[in-house]
Amino acid sequence: IFVLNFIPVIGSIVAVAFPVLLTAVQFADPGRFALVLVLLTAIQQAVGSFIEPRLMGASLNLSPLVILLSLTVWGQLWGIPGMLLCVPLMVIITITLSQFKSTRAIAILLSENGQIVDISNGGPGSAPTA
């Protein structure tokens with residue numbers, strides 16, 4: 001469930017399916033079953049579609065919209081492996097684009113706060129100059 005939770009729809013289905021099935025087996029009440037199904041689905045969708053992209057965007061300096069769009073694009077290209085790799089790929093693309101003057105504007109658009117680090121000019125992760 002943890003790994004699949006990087007993919008909002010599939011991770012949510014798997015995370016909700018097991019507790020809902022357990023509720024159906026343990027309690028004969030269809031009301032409880034429906035309540036657990038609706039509440040867990042709503043919570044999982046909120047976390048997977050809104051909260052996690054915002055938190056990932058803040059820590060990785062990627063816009064939450066870029067994260068959700070890249071999830072769609074890489075998922076269409078490579079399926080589930082593309083969905084799992086979409087955030088690392090977008091971070092790599094943003095860092096690469098930020099290193100060239102001609103593509104720096106695109107990197108700024110992809111970033112969450114409009115600030116990018118130029119690693120060639122002594123930014124974090126750059127090699128010390130002699």
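Here we summarise the structure given alongside this text. All residue numbers here refer to positions counted from 1 along the written sequence of the relevant chain. Local features in this predicted model are restricted to residues whose pLDDT is 70 or higher, and side-chain atom pairs enter the listing and the counts only when it is 80 or higher, whereas totals over whole chains, interfaces and linings include all residues. Side-chain figures throughout are based on the complete set of non-hydrogen atoms in the structure, without hydrogens or water.

1. Focus on the packing of helix α3 (residues 64–78) against helix α4 (residues 80–98)
Only the stretch in contact is used when fitting a helix axis, every axis being a line fitted to C-alpha atoms; angles between N-to-C directions are given from 0 to 180 degrees. Numbering of helices and strands runs from the N terminus; a helix is a DSSP stretch of H or I covering at least four residues, while a strand is a stretch of E covering at least two. Direction vectors running N to C along α3 and α4 enclose 130 degrees, while the axes themselves pass 7 Å from each other. Relative to α4, the element α3 lies oblique. Here α3 runs over α4; the crossing is right-handed. Here Val66, Ile67, Ser70, Leu71, Trp74, Gly75 and Trp78 of α3 lie close against α4, whose contacting residues are Ile80, Pro81, Gly82, Met83, Cys86, Val87, Leu89, Met90 and Ile93. When residues are sorted by character, Ala, Val, Leu, Ile, Met, Phe, Trp, Tyr, Cys and Pro go into the nonpolar class, Asp, Glu, Lys and Arg into the charged class, and all the rest, Gly among them, into the polar class. Its residues placed into classes, the contact of α3 with α4 shows 13 nonpolar, three polar and no charged. Geometric relationships in this document are graded by angle, where less than 35 degrees denotes roughly parallel, more than 145 denotes roughly antiparallel, 65 to 115 denotes roughly perpendicular, and other angles denote oblique. Crossing handedness: left-handed means the near helix sits turned counterclockwise from the far one by under a right angle, and right-handed means the same turn made clockwise. Throughout, a contact is declared for two residues whenever any of their heavy atoms are within 4.5 Å.

2. Examining a nonpolar patch on the surface
A contiguous nonpolar surface patch, about 800 Å² in accessible area, is contributed by Phe2, Val3, Val73, Leu77, Trp78, Ile80, Leu84 and Leu85. Taken together, the elements giving at least two residues each to the nonpolar patch come down to α3 and α4. Relative to the helices and strands, leucine 84 is located in helix α4. The class for leucine 84 is partly exposed, based on a relative accessible area of 34%. Patch construction takes residues with relative accessible area above 30% that form no salt bridge. Like charges are linked within 9 Å, and nonpolar side chains (Val, Leu, Ile, Met, Phe, Trp, Tyr) are linked within 5 Å. Accessible areas in this description were obtained via Shrake-Rupley with a 1.4 Å probe; residue shielding takes into account the shown protein chains only. The salt bridge criterion pairs a side-chain nitrogen of Lys or Arg with a carboxyl oxygen of Asp or Glu, the two atoms within 4 Å. Partly exposed describes any residue whose relative accessible area lies between the buried limit of under 20% and the exposed limit of over 50%, with all areas from a 1.4 Å probe on protein chains only and scaled to the type maximum.

3. Some thoughts on the nonpolar core
The nonpolar side chains of a soluble globular protein tend to be buried with one another. Among buried residues, those of type Ala, Val, Leu, Ile, Met, Phe, Trp, Tyr and Cys that are joined through side-chain atoms within 4.5 Å constitute a nonpolar core. Counting residues in hydrophobic clusters, the biggest one holds 13 residues, and the most contacted among them are Leu62, Val66, Ile67, Cys86, Val87, Met90 and Leu110. Elements represented by at least two residues in this core include exactly α3, α4 and α5 (104–110). Ranked by residue count, the leading element in this core is α4, at five residues. Dropping the residues within four chain positions of it, valine 66 is found in contact with Met90 and Leu110.

4. Here we look at α3
Each residue after the first adds 1.5 Å to the expected span of a helix. Look at α3: 21 Å from first C-alpha to last across 15 residues, which is about the 21 Å you get at 1.5 Å a residue. Along α3, the residues classified as buried are Pro64, Val66, Ile67, Ser70, Leu71, Trp74 and Gly75. Seen end-on, α3 carries its buried residues on one side only, within an arc spanning 155 degrees. With respect to the buried face of α3, the exposed residues turned more than 90 degrees away are Leu65, Gln76 and Leu77. Of the residues trailing α3, glycine 79 is marked for its positive phi of about 75 degrees. The arc refers to the directions leading from the helix axis to the C-beta atoms.

Interpretation note: all reported values are geometric properties and have no functional meaning in isolation.
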